[in-house]
Amino acid sequence: MTRYKLILEYDGTDLIGWQQNRQGPSVQSLLQDAIKSFCGQDTDVVAAGRTDAGVHAVAMVAHVDLDGAPAADTVMRAMNFYLADKPVAVLECRVVSDDFHARFSCRGRHYKYVVLNRRAPAVLNKDRVWWVPRALDLDAMARAAARLVGAHDFTSFRATGCQAKSPMKTLDVARVTRRGDEIIFEFSAQSFLHHMVRNMVGTLVEIGLGKPYDIDDIFAARARSAAGPTAPASGLYFIGADYATDDA
């Protein structure tokens, strides 16, 4: 059995998310079907993060175990052949040690969220941004984002159905910048709660619109109702993951 590390790009618009189930096509199911078509093996492709329906990835990290030790380049070319008409592509593939685990070996996860902040609606990137036509106060959002950084109880920013054992997380980066008509939110942490990024973005946008949210008060409330709305999935991207060693 040989373990392969995969770097994946995908458009989540028409997918039900990462996790395979019976409700529709998922990133995981498309990858596993491609592998089945390539070498006839039933596999379990494991990702660094389980993205929701509509969420995209620039560089999702995953791993898969295969019998027969095919060359990594062969695996990548074969998977992309069978994924040719799907919204998923394998950008990189290489052999790693058996103790590498895309999820449990991960030391850091990075997300970005894109808001299109202009009066005209999104056309070319309709399903890849959150269109907010009203003017946003960038400085107010940046100041509020800075207060999210550090170790906190993120109960107010987790989905009500989140199954994580603890709401305590340490946010290493929370950055807000403008690039033309787009406002980019960037977040980094070892791990995130369910809907945590989208709930933070929804709250920051409300602050940018002039709503009187106070981050410290939201933390203290420890209640989802204390924070802003959940931002749409369309603007969220998984952009990378960190591991301890270069061979991972």
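The structure under discussion appears in the preceding block.
Residues numbered from 1 in each chain as written. Predicted model: local features only at pLDDT ≥ 70, side-chain atom pairs only at ≥ 80, totals over all residues. Heavy atoms only, no water.

Peer 1: Explain the overall build of the protein here, please?
Peer 2: Counting its regular elements, the protein contains five helices and ten strands. By the compact-globule yardstick of 18 Å for 248 residues, the protein fits well, its C-alpha radius of gyration being 19 Å. C-alpha extents for the protein along the principal axes are approximately 60 × 40 × 35 Å. Sequence separation of 24 or more characterises 70% of the internal contacts of the protein that already satisfy a separation of 6 or more. (Helix = DSSP H or I, 4+ residues; strand = E, 2+ residues; numbered from the N terminus. Rg over C-alpha atoms; globule rule 2.2 N^0.38 Å. Contact = heavy atoms within 4.5 Å.)

Peer 1: I would appreciate a short explanation of the side chain of Q28 in the present structure.
Peer 2: With respect to the helices and strands, the residue Q28 is situated in helix α1 (residues 27-39). At 2.9 Å, the side chain of Q28 forms a polar contact with the backbone oxygen of V45. Excluding anything up to four places from it in sequence, Q28 contacts W18, Q19, Q20, D44 and V45. (Polar contact = N/O pair within 3.5 Å; in protein donor to acceptor, adjacent residues only side chain to side chain.)

Peer 1: Sorry if this is basic, but what is going on with the nonpolar core here?
Peer 2: Note that soluble globular proteins tend to have their nonpolar side chains buried in a common cluster. Counting 75 residues, the largest nonpolar core has W18, L31, L148, L171, F185 and F187 as the members making the most contacts within it. With six residues, the next largest nonpolar core counts V114, A122, V129 and Y237 among its residues. (Core = buried A, V, L, I, M, F, W, Y, C linked by side-chain atoms within 4.5 Å. Buried < 20%, exposed > 50% of the residue type's maximum accessible area, 1.4 Å probe, protein only.)

Peer 1: I'm lost on the pairing of strand β3 (residues 56-66) in this one. Help?
Peer 2: For a regular strand, side-chain orientation follows a simple rule: the groups alternate between the two sheet faces. Counted residue by residue, β3 has nine buried out of eleven residues, so it is predominantly covered. Two elements, strand β1 (residues 2-10) and β3, share eight bridges in a ladder whose sense is antiparallel. By the bridge assignment for β3, T2 is matched with L66. (Pairing = 2+ DSSP bridges.)

Peer 1: What's the story with the packing of α1 against helix α2 (residues 72-82) in this structure? I'm lost.
Peer 2: Angle between the axes and distance between the axes: these two values describe a pair of packed helices. Where α1 contacts α2, the two axes come as close as 9 Å, and the packing angle between them is 110°. Taken together, the axis directions place α1 and α2 in an arrangement best described as roughly perpendicular. As for the relative orientation of α1 and α2, their crossing is right-handed in sense. From α1, L31, A34, I35, S37 and F38 reach across to α2, where they touch T74, V75, A78, M79 and Y82. (Axes fitted to C-alpha atoms, helices over the stretch in contact; angles between N-to-C directions. Parallel < 35°, antiparallel > 145°, perpendicular 65-115°, else oblique. Left-handed = near helix turned anticlockwise from the far one by under 90°.)

Peer 1: It is not clear to me how the pattern of salt bridges should be interpreted in this structure. Could you clarify?
Peer 2: Pairing between side chains of opposite charge can happen when their charged atoms approach one another. Taken as a whole, this structure holds ten salt bridges when the rule is applied. Notably, a salt bridge pairs D52 with R198, separated by 3.7 Å at the nearest N-O pair. One end of the pair, D52, is in the loop between β2 (46-47) and β3; the other, R198, is in helix α4 (residues 196-208), with 146 residues separating them in the sequence. Linking E206 and K211 is a salt bridge whose minimum nitrogen-to-oxygen distance equals 3.0 Å. Judged by relative accessible area, K211 falls into the partly exposed class, the value being 35%. (Salt bridge = Lys/Arg side-chain N within 4 Å of Asp/Glu carboxyl O.)

Peer 1: How should I be thinking about the packing of aromatic side chains in this particular structure?
Peer 2: One pair of aromatic rings is described through two measures. These are the centre distance and the angle between the planes. According to the stated counting rule, one finds eight aromatic pairs in the structure shown. Judged by centre distance (5.2 Å) and plane angle (90°), the rings of F154 and F219 are edge-to-face. Of the two residues, F154 is situated in the loop between β7 (150-153) and β8 (168-179) and F219 in helix α5 (residues 215-221); the sequence distance between them amounts to 65 residues. Assessed through its relative accessible area of 0%, F154 is described here as buried. Lying across the ring of Y237, K112 places its NZ or CZ 5.2 Å from the centre. (Phe/Tyr/Trp six-rings, centres within 6.5 Å; stacked < 30°, edge-to-face > 60°. Lys NZ or Arg CZ within 6 Å of the ring centre and 35° of its normal.)

Peer 1: When you look at α2 in this model, what are you seeing that I'm missing?
Peer 2: Given 3.6 residues per turn, any residue in an α-helix points the same way as the ones three and four places further on. A72, V75, M76, A78 and M79 are the residues of α2 that are buried. Packing partners of the buried residues in α2 comprise β1, α1, β3 and β4 (88-96).

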